[in-house]
Amino acid sequence: MNRTLIFVWLITLFLSACAPAATPAPAATTLSTLESPPSWFGAGTSTTRSLSAGEPYAFDEAGNITGDLPKDQVTCTLRIWICDDKIFKQKVINQGAGERCPDSLQFSHAPQTKVDCAKWDEAKRTKDPCDPLVDADCDGVTNDLDEWPLDFYRQ
Ligand SMILES: [Ca+2]
């Protein structure tokens, strides 16, 4: 073997040894830090309620009517009451074009659940393990995007 080939081989070996280690793949992101439903669900004396409807009005994010919708348009609404709070979800559809309200806005997607309001209120104050007004079931999916906002095991 000639000296040039040995030199190139040694340089290659040196550079590969000095190369930074491959960066590890990022850890899988979890949707939630919890492994089970938050402590406010399944206990306590209060019960959640929900109501879904199709309404000919426009709403703000809090569920207040802000005006009428054009003909053929309807706002599909889902209201969920938890302790003294309300979650409001909505989507405007065009019934004239054959659109219908999505299943995720049906009241059946927020079935009645027992709630411990003291624990609910404490989590609202501390945001621990999450802010229930943003993510009621603490599964990592915000209420506005969660198809099952009261079910930790379904998003
Ligand atoms: Ca959620």
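Description of the structure in this document. A quick note: this is a predicted structure, and the numbers were derived from the prediction, not measured.

**Structural notes on the overall build of the protein chain**
Here is step 1 of the chain: A tally of regular secondary structure across the protein chain gives two helices and seven strands.
Here is step 2 of the chain: Element order for the protein chain, N to C, with α for helix and β for strand: α-β-β-β-β-β-β-β-α.
Here is step 3 of the chain: Residues counted as buried form 19% of the 155 residues belonging to the protein chain.
Here is step 4 of the chain: Contacts in the protein chain between residues at least 24 apart in sequence constitute 55% of all its contacts with a sequence separation of at least 6.

**Quick notes on the nonpolar core**
Here is step 1 of the chain: Judged by nonpolar contacts, the single largest core of 15 residues is most densely connected at Trp40, Ile80, Ile82, Val115 and Trp120.
Here is step 2 of the chain: When residues of this core are traced back to their parent elements, those giving at least two are β5 (73-82) and α2 (117-126).
Here is step 3 of the chain: For this core, the leading source of residues is β5, giving five residues.
Here is step 4 of the chain: Sequence-distant contacts of Trp120, defined by excluding residues within four places in its chain, comprise Trp40, Ile82, Cys83, Val115 and Pro132.

**Here's the deal with unusual backbone geometry**
Glycine aside, the phi torsion of most residues is negative, and most peptide linkages are trans.
Here is step 1 of the chain: With an omega dihedral of 5°, the bond running from Asp128 to Pro129 counts as a cis peptide bond.
Here is step 2 of the chain: If you trace the backbone, Pro129 turns up in the segment after α2.
Here is step 3 of the chain: Not every positive phi belongs to a glycine, and Cys83 is a case in point at roughly 50°.
Here is step 4 of the chain: Structurally, Cys83 can be placed in the loop between β5 and β6 (85-94).
Here is step 5 of the chain: Unlike most non-glycine residues, Lys127 shows phi in positive territory, near 60°.
Here is step 6 of the chain: Structurally, Lys127 is set in the segment after α2.

**With respect to the sheet that holds strand β2 (residues 49-55)**
Here is step 1 of the chain: The three strands are arranged β2-β5-β6 in an open sheet whose pairing can be described as antiparallel. Two strands in the sheet have a free side with no partner beyond their single neighbour: β2 and β6. In this sheet, neighbouring strand axes are inclined to one another by 15° on average, regardless of whether the strands run parallel or antiparallel.
Here is step 2 of the chain: Both β5 and β6 contribute to a ladder of ten bridges, which runs antiparallel. Among the inter-strand pairings, Trp81 is bridged to a residue of β6, identified as Lys86.

**Focus: the pairing of strand β4 (residues 65-68)**
Within a regular strand, the side chains alternate between the two sheet faces.
Here is step 1 of the chain: As paired elements, strand β3 (residues 57-59) and β4 share three bridges and run antiparallel to each other. Residue pairing across strands places Phe59 opposite Ile65, the latter belonging to β4.
Here is step 2 of the chain: Here β3 folds back onto β4 in antiparallel fashion, the turn holding five residues, of which Gly63 has a positive phi close to 100°.

**Some points on the environment of Gly140**
Here is step 1 of the chain: Mapped onto the secondary structure, Gly140 falls in the segment after α2.
Here is step 2 of the chain: C-beta crowding within 10 Å serves as the criterion here: with 16 such atoms nearby, Gly140 is assigned to the partly exposed category.
Here is step 3 of the chain: Along the primary structure Gly140 and Gln155 are separated by 15 residues, whereas in three dimensions their C-alpha atoms are 8.8 Å apart.

**Looking at the environment of Asp139**
Here is step 1 of the chain: Relative to the assigned elements, Asp139 resides in the segment after α2.
Here is step 2 of the chain: Taking the number of C-beta atoms within 10 Å as the measure of exposure, Asp139 has 23 and is therefore buried.
Here is step 3 of the chain: As a C-alpha pair, Asp139 and Glu35 span 104 residues in sequence and 8.9 Å in three-dimensional space.

Quick notes on the rules
Residues numbered from 1 in each chain as written. Predicted model: local features only at pLDDT ≥ 70, side-chain atom pairs only at ≥ 80, totals over all residues. Helix = DSSP H or I, 4+ residues; strand = E, 2+ residues; numbered from the N terminus. Buried ≥ 20, exposed ≤ 12 C-beta atoms within 10 Å, placed from the backbone. Contact = placed C-beta atoms within 7 Å. Core = buried A, V, L, I, M, F, W, Y, C linked by C-beta atoms within 7 Å. Pairing = 2+ DSSP bridges. Axes fitted to C-alpha atoms, helices over the stretch in contact; angles between N-to-C directions.

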